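# Summary of structural features
Chain by chain, the residues:
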Amino acid sequence: KYLEMYHRTFPSIPKWQKVRNREVMKNGEISSFFGRVRRLPAVSSPERSLQNEAMRQGTNARIQMTVADMTSWIVTKVGDYLEELKTDSVVVGTVHDSVVMDVHNDERDDVLSVLDLVMEDLHNTFSWVTIPMVLDKSAGPSWDEQEDLS
């Protein structure tokens with residue numbers, strides 16, 4: 001019942017999934033929008049359950065790889081801007097699709113401006129992205145003490 005409601009709400013998703021499944025079946029792999037490839041050899045298995053699993057992985061991989069590639073692009077751009085501004089603030093790493101930074105208090109406004117610039121660059125660079133890419137910003141001395149800055 002939930003799946004039926006979901007497909008009524010987002011009617012283009014089943015069609016998109018069928019196209020991805022055909023791509024996986026034909027090529028034995030799927031690629032991100034940036035060209036990174038995930039091979040899915042189980043799609044050629046005589047076991048239908050392994051084929052179905054490979055097709056589910058292909059659908060998920062297309063989305064997850066693309067978001068990971070975009071996150072890597074964001075990290076690189078933020079790092080470039082921070083270096084250009086000669087800040088002491090740095091990108092520490094990522095957690096899923098979040099960018100973790102060590103930001104000096106006196107540079108907070110500059111870093112927030114950099115993040116806004118990078119998100120604007122993202123939309124200009126990847127005009128094929130038709131869904132809103134929202135940046136949630138928060139800061140604090142620990143994960144437990146975050147202040148929303150969005």
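Scoring rules and cut-offs
Residues numbered from 1 in each chain as written. Predicted model: local features only at pLDDT ≥ 70, side-chain atom pairs only at ≥ 80, totals over all residues. Heavy atoms only, no water. Axes fitted to C-alpha atoms, helices over the stretch in contact; angles between N-to-C directions. Helix = DSSP H or I, 4+ residues; strand = E, 2+ residues; numbered from the N terminus. Parallel < 35°, antiparallel > 145°, perpendicular 65-115°, else oblique. Left-handed = near helix turned anticlockwise from the far one by under 90°. Contact = heavy atoms within 4.5 Å. Nonpolar A, V, L, I, M, F, W, Y, C, P; charged D, E, K, R; others polar. Pairing = 2+ DSSP bridges. Buried < 20%, exposed > 50% of the residue type's maximum accessible area, 1.4 Å probe, protein only. 1 Å grid on protein atoms, 1.4 Å probe; cavity = no way out; pocket = protein on both sides within 12 Å on 5 of 7 lines; lining within 4 Å. Points joined across faces, edges and corners; volume = space filled by probe spheres on them. Expected span 1.5 Å × (residues − 1). Arc of directions from axis to C-beta.

### Comments concerning the packing of helix H2 (residues 12-27) against helix H3 (residues 48-84)
Between H2 and H3, whose axes approach to 9 Å, the crossing angle comes to 110 degrees. What the angle tells us is that H2 and H3 run roughly perpendicular. Regarding H2 and H3, the two cross each other, and that crossing is right-handed. Facing H2, whose interface residues are Trp16, Gln17, Arg20, Asn21, Glu23, Val24 and Met25, H3 presents Ala54, Met55, Gly58, Thr59, Arg62 and Ile63. Considering only residue class, the contact of H2 with H3 consists of 6 nonpolar, 4 polar and 3 charged.

### Some points on the pairing of strand S3 (residues 90-95)
Here 5 bridges tie S3 to strand S4 (residues 98-102), and the two strands are oriented antiparallel to one another. Note on S4: the bridge partner recorded for Val90 is Asp102. Between S3 and S4, which pair antiparallel one after the other, the connecting turn spans 2 residues, and His96 there sits at a positive phi close to 55 degrees.

### Section: the side chain of Thr87
Following the sequence through the fold, Thr87 ends up in the loop between H3 and S3. In this structure Thr87 comes out as buried when scored by relative accessible area, which is 17%. Residues contacting Thr87, with those up to four places away along its chain left out, are Leu82 and Glu107.

### Structural notes on the layout of surface pockets
By volume, the largest pocket amounts to about 1,000 Å³. Contributing to the lining of the largest pocket are 35 residues, with Val99, Val100, Asp136, Lys137 and Ser138 lying nearest its centre. Of all the secondary-structure elements, those providing two or more residues to the lining of the largest pocket are H3, S4, helix H4 (108-125) and strand S5 (138-139). In terms of residue class, the lining of the largest pocket is made up of 22 nonpolar, 8 polar and 5 charged. Around the second largest pocket, the lining comprises 19 residues; the ones closest to its centre are Trp16, Phe33, Ile63, Thr130 and Ile131. Elements with a contribution of two residues or more to the lining of the second largest pocket: H2 and H3.

### Things to note about the environment of Arg22
The topology assignment puts Arg22 in helix H2. Each C-alpha atom, one on Arg22 and one on Ala139, is 44 Å from the other, the two residues being 117 residues apart in sequence.

### Concerning H2
Compared with the 22 Å implied by 1.5 Å per residue over 16 residues, the 23 Å span of H2 between its first and last C-alpha is a close match. Buried within H2 are the following residues: Arg20, Glu23 and Val24. Along the long axis of H2, the arc covered by the buried residues comes to 95 degrees, so they all point the same way. Residues of H2 that are exposed and angled more than 90 degrees away from the buried face: Lys15, Lys18, Arg22 and Lys26. After H2 finishes, the residue Gly28 shows a positive phi value of roughly 70 degrees.

### Digging into unusual backbone geometry
Phi is positive for Lys86, close to 55 degrees, though the residue is something other than glycine. Within the secondary structure, Lys86 sits in the loop between H3 and S3. The backbone phi angle of His96 is positive, close to 55 degrees, even though this residue is not glycine. Structurally, His96 is set in the loop between S3 and S4.

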